[in-house]
Structure formats: structure tokens, C-alpha cells
Amino acid sequence: MARRLIYVMDPLCSWCFAFMPVLQRLAEIAEAEGMSLQIVAGGLRHEGEKGTGSIELTIYDNEPPCRAIVSARSLDPSKVLPFVIQLQQGFHSKGMDIMRPNLLVKLAERVGLEAAQFAQLFDSEEMRNATLDDFHWVENLGIAGFPTLLAEAKGQLALLTNGYQPLEQLEPLLKRWLVQNK
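Residues numbered from 1 in each chain as written. Predicted model: local features only at pLDDT ≥ 70, side-chain atom pairs only at ≥ 80, totals over all residues. Heavy atoms only, no water.

The angle between the axes and the distance between the axes are what describe a pair of packed helices. At a minimum axis distance of 9 Å, the contact between helix α3 (residues 80-93) and helix α4 (residues 101-110) shows a crossing angle of 135°. Our classification of the angle between α3 and α4 gives oblique. You can see that α3 and α4 cross each other, and the crossing is right-handed. Here α3 contributes F83, Q86 and L87 to the contact with α4, which in turn contributes L104, L107, A108 and R110. (Axes fitted to C-alpha atoms, helices over the stretch in contact; angles between N-to-C directions. Helix = DSSP H or I, 4+ residues; strand = E, 2+ residues; numbered from the N terminus. Parallel < 35°, antiparallel > 145°, perpendicular 65-115°, else oblique. Left-handed = near helix turned anticlockwise from the far one by under 90°. Contact = heavy atoms within 4.5 Å.)

Time to look at the packing of aromatic side chains. Where two aromatic rings form a pair, the distance of their centres and the angle of their planes describe that pair. All told, the structure shown has five aromatic pairs when counted by the stated rule. Above the ring of F122, the side-chain terminus of R67 is found at 4.0 Å from the ring centroid. (Phe/Tyr/Trp six-rings, centres within 6.5 Å; stacked < 30°, edge-to-face > 60°. Lys NZ or Arg CZ within 6 Å of the ring centre and 35° of its normal.)

The interhelical angle for the contact between helix α2 (residues 63-75) and helix α6 (residues 125-140), taken along N-to-C directions, is 105°, at an axis separation of 9 Å. Viewed along their axes, α2 and α6 adopt a mutual orientation that is roughly perpendicular. Residues E63, C66, R67, V70, S71, R73 and S74 of α2 pack against M127, R128, A130, T131, D134 and F135 of α6. Looking at the contact of α2 with α6 residue by residue, the classes come out as five nonpolar, three polar and five charged. (Nonpolar A, V, L, I, M, F, W, Y, C, P; charged D, E, K, R; others polar.)

Here the focus is the sheet that holds strand β5 (residues 148-153). Pairing within the open sheet is mixed, and its four strands lie in the order β2-β1-β5-β6. Edge strands, defined here as strands with exactly one partner in the open sheet, are β2 (36-41) and β6 (156-162). The average angle at which neighbouring strand axes cross in this sheet is 25°, direction not considered. Pairing geometry for β5 and β6, over six bridges, is antiparallel. Bridged to A153 within β6 is Q156. The sheet strands contacting α2 are β1 (4-9) and β2, and the helix crosses β2 at an angle near 150°. Across the sheet, helix α7 (residues 167-180) lies against β1, β5 and β6, angled at about 170° from β6, the strand it touches most. (Pairing = 2+ DSSP bridges.)

So, in C-alpha cells, the structure goes:
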């Protein structure tokens, strides 16, 4: 089995947004060693709800942007990281409502995914189920915080971080893991 980095994240997670430059550098290091990067949708919260009482609180349903990540991964794994960057920048920097399917299609198109194909796949029961599979995989591993970065070799997972860590701490850890798992 090939070695790979597995990044468990949520597009609505602000720590994941802050972690993106760290992830990009670690992914470059891993790629230079022949490792792939897989992004797994962690699912902070599903099924949006509104608070009650004198203060109205909107709690976002992250299933649509997570399903968009899973759909992009299914169409072209090489487009997933640029797509996640578009989602994060849209939500965190530009205030876009990335829960809206029509916006998700536009963002997918920006990274080179074919709009009609993405929209059709995004709306499919197959992608709804695949997204739930991601959520269940994360839950079954006991991952309760994001960002989480795992390294996998020979079917064995190693935790590199659960929560934000700076590059200065993670780069030596990844390099040491790479040497030990040639």
C-alpha cells in the first residue's frame, strides 16, 4: 500500500483555514517523497439549525461544502486542494455562503472542474452517502478536532497533529516519519 498524507478538515473550521499554508508545505514535502494527499471531510456539524429566544443564532450545516469536497475528490483528486482553498477563502475571507449549491458549482468551475458534471455528481445519492462515509470514518477513528493530519504507510496510521500546529513543529515530525517509513 502506498504512503499518503490524510488531511481531515472542515471548510467552515477557522483553524483549518489558518492551517492551509502549513498543509501546503507539508504536502509539497510528502509529494517529493512520492506520497499523495487525501483530503477527508470531517463534518463539524450537519443539518443546520437556528437558535431560539431573544438572540437568533445561525448554525451552519456543513454537509453541502463537505459533499462538494467529496464530489471534487471523486471527479479529480488533483483539484481537491485548490477547491478547498477556494471554499475556505470564499467563506472565511469573502463572507460567501458556501452552503449554496450554485456557488459550490461556480467554485468548482474556477479550479477546472466541469460545472454540469460537478453539479450532477454533487446532487447524487452516491455523493451524499460518500460524504456520510467520510464523516463516519472520522468519527470511528475518534477524531474530535480539526485540523487533523495523519500519515499512512502499510495500512498503519500515524497522527501528525490533531489541532493547529506551526510548520516549525510539524515539518521535522513529517521528515522523521518519512525516514522511518521508506
